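One-letter residues, chain by chain:
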Amino acid sequence: MAEPSSTRRRSGRPFSVRHLPGFTLVAAACFVMLYAPIVTLVTYSFNGGESIALWEGFSLRWYVSAWANEAVQEATVRSLVVAVLASGIATALATMAALGTTRTGPFPGRMVIYALINQPLMVPEIVTAVALLIFFAMIKIATGYTGLAYLVLAHAAFCVPFAYLPIRARLEGMDLSYETAAADLYATPWRTFRYVTLPLMTPGIVAGAMLAFVISLDDVVITEFVKSAGQDTLPTYMLGQLRRMVTPEVNAISTALLALTVLLLTVFFALTRKRG
Amino acid sequence: MEAQSQPAVAMEARGVSKIFRGPEGDFHALDSVSVSIAEGEFFTLLGPSGCGKTTLLRMIAGFEHPSAGQLLLHGEDISDLPPYRRQVNTVFQSYALFPHLSVAENIAFGLRMLGRPNAEVDQTVDRMLKLVKMEPMRNRLTSQISGGQQQRVALARALAPAPKVLLLDEPLSALDLKLRKEMQIELKRLQHETGITFIFVTHDQEEALTMSDRIAVMRDGHVLQIGAPREIYDQPANRFVASFIGETNFLSATSEGIVDGGIRIRIGDTVSVETDLPDGVDPKGDLTVVVRPEHIVLRERGAPDTLSATLTNAVYFGTDTHYHLELASGQHPIARRQNAAGAPERVEIGAAIGVAFAPSAARLLRD
């Protein structure tokens, strides 16, 4: 029993689950499950025919038609406007929250504050969506305003924890000794923040903003509940299209969204990995 | 030595205490400490970890507030000033160089915060870079320079605003031995050239002895002795100071009576010496004398004024050899002898020998 395994595994090799039977197979199967649908979606976005299941040769016609579609254009612009504004608000709030939970002495209820900030991660999205729908309906009746601000605020609210987590992680990794040294070198608390804390935490802020942007960009549930008539974002527009008729145009839009998201997340990981 | 010319006092602590309150009771980090540090002095706070030396330093810098007492900087009470209003700068143990700024920008930081004009800042930065020999590195980021170079930048950054007192919190502890020796000399040179008062915190007694004008030996929040390195080494105030500074032999002794100017004591059966009677030593109680290893001389067994001993071990250290001895009383002193040219004959382990020391080498100690 011991003999074959000791000859197969050279002495001194650390434990590795790769030697468990079937492990590699299961891992490969998982990756296929994860990526086969996406590969199919991307592939058929380049299909020359009308079908989303029958390959009829390579073409960019669906990209062209999506690009020319006014409804798509409108939804794209709206998505971007909402994502930029919402991630901006969320990042500003998250930055202050992260400072308040890392650059203060220990105070009672710190864990409660932490849980409250991260509430959108824990409360089911559908609950938030219904709550916002009812809450905003009351405001709409009271004020008569039906603009885009509801959508922006709703997105900002659920984006806060996504922006908060990388900023907080950055601040926690930053030694307090820099701020101590700045105070020793005649920097007032405000100047310490302006010239030491803020520049050092900037990578965390940018990473948080990007994550919030991506999260806002692909939200469906809350948007679907909160939006007024004619306020489709790209994801809700696509959902509406799929209900009627499926064309590879949806594949093309999805692929474009995927490319943008991958790009932003690559930047995000590059920023959060770099230390110091 | 201070009697002839009274130098101005740079920093004074008057009855300073610090109590950290915790759930398991209060911790007295400093207990009514008073020290007075002269202008231009290289003053060292020396003690084991937890003795309060760093707490005192952080208090002078403004990062801790004293629970009681006063801190005077050039006669002005600074106890209630925030750190950024105190004309003291710190070289931190971790250096704490700003990673987003270049070497030159790090050095300029304090001057910029003081609102000095650009021309003056540039001039001072150039001077500082030259002082610490870092001119070629001026545009590097601090992550791109070695530990020893970071140490120099940290020094230059703290010296640039010309503080009234420079605080150094174990700044050499992160360096390897060779670099540490170099920096010890470098620090002395910088202090000499700038004329700034240095308050240096360390737990390394050798570092304290070689660099300081005066040393305050601390333990458990108290200052046990303040004095020049030689004074502390030769005339330790008590048993702790004697054992903390350098290697020490403690020998028990009995009184043979008070004599003019001191006390006559007997060590073992054969040695009787006259020595000072320090304050606080009860001449009727058990007495302890301290004899440094380099003051013990090996003789023949039975020579006059020697203690009988057996050599139990000899450890070679390159420059000198340590001889481990066993006395008839059961005590185990160590003798140190230099391995000078024409070194004397080897002594065999197990040999019966005699141990002698000059009467002035034996000092009575308080416990």
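Throughout what follows, the structure given in this document is the object of discussion. Bear in mind the structure is a predicted one, so any value in this text is a computation, not a measurement.

### Some points on the interface of chain A and chain B
- Listed by partner, the interface residues are 17 residues for chain A and 24 residues for chain B.
- Summing both sides of the interface, chain A and chain B together bury roughly 1,900 Å²; the carbon and sulfur share of this comes to 70%.
- Broken down residue by residue, the surface that chain A buries against chain B is led by Asp184, Leu185 and Tyr186 of chain A, which jointly contribute 43%.
- For the interface between chain A and chain B, the tally reads zero salt bridges.
- Scanning the region where chain A abuts chain B turns up six residue pairs in polar contact (both at pLDDT 80 or more).
- Of all elements in the fold, only helix 9 (177-184) and helix 10 (189-217) of chain A reach the threshold of two or more residues within the side of chain A that touches chain B.
- For the side of chain A that touches chain B, the class distribution of residues is twelve nonpolar, three polar and two charged.

### Focus on the sheet that holds strand 16 (residues 307-316) of chain B
All names here are of chain B.
- If you trace the five strands from one edge of the open sheet to the other, you get 15-19-16-17-18, paired in antiparallel fashion. Two strands bound the open sheet, and with one partner strand each, they are strand 15 (297-300) and strand 18 (334-338). Strand after strand, the sheet turns through a mean of 50 degrees between neighbouring axes, direction not considered.
- Bridge count between strand 16 and strand 19 (residues 352-356): four bridges; the pairing is antiparallel. By the bridge assignment for strand 19, Thr310 is matched with Ala352.

### Here we look at the packing of aromatic side chains
- Evaluation of the coordinates by the stated rule reveals 15 aromatic pairs over all chains.
- Ring centres of Phe63 of chain B and Phe92 of chain B lie 6.2 Å apart, and the angle between their planes is 35 degrees; this geometry places the pair in the tilted category. One end of the pair, Phe63 of chain B, is in the loop between helix 1 (53-61) and strand 4 (68-73); the other, Phe92 of chain B, is in the loop between strand 6 (88-91) and helix 2 (103-113), and 29 residues separate them in sequence.
- Linked through ring pairs, Phe135, Phe136, Tyr145 and Tyr150 of chain A together constitute an aromatic cluster.
- Lying over the aromatic face of Phe98 of chain B, Arg157 of chain B brings its terminal NZ or CZ to 4.8 Å of the ring centre.
- Looking at Arg292 of chain B, its charged tip hangs above the ring of Tyr233 of chain B, at a distance of 3.9 Å from the centre.

Conventions used here
- Residues numbered from 1 in each chain as written.
- Chains lettered and ligands numbered in written order.
- Predicted model: local features only at pLDDT ≥ 70, side-chain atom pairs only at ≥ 80, totals over all residues.
- Heavy atoms only, no water.
- Contact = heavy atoms within 4.5 Å.
- Buried area = accessible area lost by both parts, 1.4 Å probe.
- Salt bridge = Lys/Arg side-chain N within 4 Å of Asp/Glu carboxyl O.
- Polar contact = N/O pair within 3.5 Å; in protein donor to acceptor, adjacent residues only side chain to side chain.
- Helix = DSSP H or I, 4+ residues; strand = E, 2+ residues; numbered from the N terminus.
- Nonpolar A, V, L, I, M, F, W, Y, C, P; charged D, E, K, R; others polar.
- Pairing = 2+ DSSP bridges.
- Axes fitted to C-alpha atoms, helices over the stretch in contact; angles between N-to-C directions.
- Phe/Tyr/Trp six-rings, centres within 6.5 Å; stacked < 30°, edge-to-face > 60°.
- Lys NZ or Arg CZ within 6 Å of the ring centre and 35° of its normal.

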